[in-house]
Amino acid sequence: MKEFNMLCKEVENLNVIEYGAILAAKSAKVLPVLNEIGGSKIDGAAIFAQFILGAIAADGRLSEEEYLIVYPLLHTFFGDELDYRACKAAVRFLRPESRELKKALDDMVDLFGLFDEELKDDLIFICLLICAVDGKVSLKEKNWIKKLIA
């Protein structure tokens, strides 16, 4: 638990350049592995998108900073249809207490059982980066990540 809180603090203190570079590098590392697990680029991207959207929705709100930092990933997965307004509406739909988000979390936890430790660590770190984009990993976000790794 102490290590997790220390990791949260480290991620919260990253500057924008470090943050973007780490997110890009981790994403480039994770996506090919997920493509292999999923059997195709579409399946791998869908798995990755599920984790990205879960991290965005973990606290029940979407800041403009969160949207802007994950925009390249979202655009890759969903095209031009998912602008800030549409993404914000989706996050409101996926409130932390919603059945939809709980079901998605259950599905993600099940998927985690298929992954090796390195992939799990990378996905958790990516989710943590997304949660920390606004400079703070909230209690709701921490609890969501802890459910993934439990």
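Scroll up a little and you will see the structure.
Residues numbered from 1 in each chain as written. Predicted model: local features only at pLDDT ≥ 70, side-chain atom pairs only at ≥ 80, totals over all residues. Heavy atoms only, no water.

Visitor: How would you summarise the layout of surface pockets if you had to cite specific residues and measurements?
Guide: To locate leftover empty space, one rolls a probe as large as a water molecule over the atoms. Each pocket or cavity is described by its volume, and for the largest pocket that value is around 230 Å³. In terms of lining, the largest pocket is formed by 14 residues, of which the most central are F112, K120, D121, I124 and I149. Where the lining of the largest pocket is concerned, the elements lending two or more residues are α1 (2-12), α6 (99-112), α7 (117-131) and α8 (139-149). Residue classes in the lining of the largest pocket are distributed as nine nonpolar, no polar and five charged. Along the wall of the second largest pocket there are 13 residues; nearest its centre are L14, V16, Y19, I69 and V133. When residues of the lining of the second largest pocket are traced back to their parent elements, those giving at least two are α1, α2 (16-38) and α4 (64-78). With three residues, α4 is the single largest residue contributor to the lining of the second largest pocket. The residue inventory of the lining of the second largest pocket, partitioned by class, reads eight nonpolar, two polar and three charged. (1 Å grid on protein atoms, 1.4 Å probe; cavity = no way out; pocket = protein on both sides within 12 Å on 5 of 7 lines; lining within 4 Å. Points joined across faces, edges and corners; volume = space filled by probe spheres on them. Helix = DSSP H or I, 4+ residues; strand = E, 2+ residues; numbered from the N terminus. Nonpolar A, V, L, I, M, F, W, Y, C, P; charged D, E, K, R; others polar.)

Such coordinate-based values are descriptive only and should not be taken to indicate function.
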